[in-house]
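# Examining the three-dimensional arrangement
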Amino acid sequence: MAEYKNIGEVPDVAKKSIVASMFPPNEEEKKSFCLERCTPPLKRRKTFKEDPFVFLTKDDARWKDIANHYGIQEAFPYQNLLGRTNEIEKKRTLYFVSDAVKDFLVCNQDKVKVINAGLRMFGRVETKFEQCRFRMSQDGVKAILPFLTKRVVEVDAEDLLKIMLSNEGHENYPREKLNCDERLSGLDSGSVILVSSRNGVKRAVCAWMGAKTIAPYISKEERIHVCRMLGYDTSEMENAVWSRRQSKAVHNRSLAKAQRADEQGSSEGRTEVKESESGATELKDVNNGETCENGLSSSKEQGKGDCA
């Protein structure tokens, strides 16, 4: 992904889709615009306090642990990694942003309310895992892969497909049945990146490796996409996902319909039927308190004469 700071950096072939108005004005243009005249004073509204965007600082202890474990080169801009809390021990996820996004967040954190930002790159391991406190996330694999020197294993398409399909039954695949088991045996348990090529297309998948098994650490949709790229017929997998979504949608609609029926029933008036002292049937409308004999309605639309 290329970034351009001004229109002069945009190549000629891209100037049809990227125009000068997409860039912020320079200093001369700012003076001619007289922006101070058209910017009213901002009134702060009372809003919920969002967790701040806290970037990793230089020589961060957590980053040293991550960099050593995954062999990340020094050229990687780790100070573009951020968390959503000031408390280090509660920082469960690290997101990666570009330089431009980082500048925007730092300069506008008190002015603009930003809900989410960045690619999820590392997630904290909740179990007692001594090698590294953070595992890799599939969302950020493509961005960090060129900087990794450890825990990246080349596997053939056959092995990768076996690992992808094993997760269909929510089971980890035995490593001893893989051709790449010898290469995996040289690594400690934990997060690994499996790289496979097919028809000139390279695919990187984040996985979790145990002592004897391995499993992909990706979403269902991503797993279907990887299997399709490996030449596998994913029709049954797609139908299964679609069926589960349909069942969930039908269930949610049924719950909503039942809730509306309950609300409608509670708002309608209740009608009681009882026997009068003379033996005639009386129909009593609880809402307006009127009573009519001989089973006649007491609504105001029929008039008082109906009760004679």
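Residues numbered from 1 in each chain as written. Predicted model: local features only at pLDDT ≥ 70, side-chain atom pairs only at ≥ 80, totals over all residues. Heavy atoms only, no water.

The name given to the protein in an unreviewed UniProt entry is SAM_MT_RSMB_NOP domain-containing protein, with the source organism recorded as Toxocara canis.

### Points about the sheet that holds strand S8 (residues 190–198)
Within the open sheet, the five strands sit side by side as S6-S8-S9-S10-S7. Their pairing is mixed. Among the strands making up the open sheet, the edge pair consists of strand S6 (152–154) and strand S7 (173–174). As paired strands, S7 and strand S10 (residues 213–216) are joined by two bridges and run antiparallel to one another. By the bridge assignment, Pro174 is partnered in S10 with Thr213. (Pairing = 2+ DSSP bridges. Helix = DSSP H or I, 4+ residues; strand = E, 2+ residues; numbered from the N terminus.)

### Regarding the environment of Phe129
In this fold, Phe129 is placed in the loop between strand S4 (119–124) and strand S5 (134–136). Separated by 60 residues in sequence, Phe129 and Ser189 have C-alpha atoms that sit 9.1 Å apart. Not counting chain neighbours up to four residues away, the residues in contact with Phe129 comprise Ser189, Gly190 and Trp208. (Contact = heavy atoms within 4.5 Å.)

### Concerning the pairing of S4
As judged from the four bridges shared by strand S3 (residues 93–96) and S4, these two strands associate in the antiparallel manner. When the bridges of S4 are listed, Phe96 appears paired with Leu119. Relative to S5, S4 runs antiparallel, the two sharing three bridges. Bridge pairing links Gly123 to Arg135 in S5.

### Brief notes about the pattern of salt bridges
Counting across every chain of the model gives six salt bridges. One salt bridge connects Asp181 with Arg175, and the closest N-O pair in it is separated by 3.3 Å. Residue Asp181 is classed as partly exposed on the basis of its relative accessible area, which comes to 23%. Across the pair Arg203 and Glu222 runs a salt bridge whose closest N-O atoms are separated by 2.2 Å. Of this pair, Arg203 sits in strand S9 (residues 201–209) while Glu222 is found in helix H8 (residues 220–229), placing the two residues 19 residues apart along the sequence. (Salt bridge = Lys/Arg side-chain N within 4 Å of Asp/Glu carboxyl O. Buried < 20%, exposed > 50% of the residue type's maximum accessible area, 1.4 Å probe, protein only.)

### Looking at helix H3 (residues 61–70)
Where H3 is concerned, the buried positions are Arg62, Trp63, Ile66, Ala67, His69 and Tyr70. For H3, the angular spread of the buried residues around the axis is 165°, confining them to a single face. Looking at H3, the residues exposed on the side facing more than 90 degrees away from the buried face are Ala61 and Asn68. Among the residues of H3, the N-terminal cap falls to Asp60, whose side-chain oxygen and the backbone nitrogen of Arg62 are separated by 2.8 Å. Directly after H3, the chain includes Gly71, whose backbone phi takes a positive value near 60°. (Arc of directions from axis to C-beta. Polar contact = N/O pair within 3.5 Å; in protein donor to acceptor, adjacent residues only side chain to side chain.)

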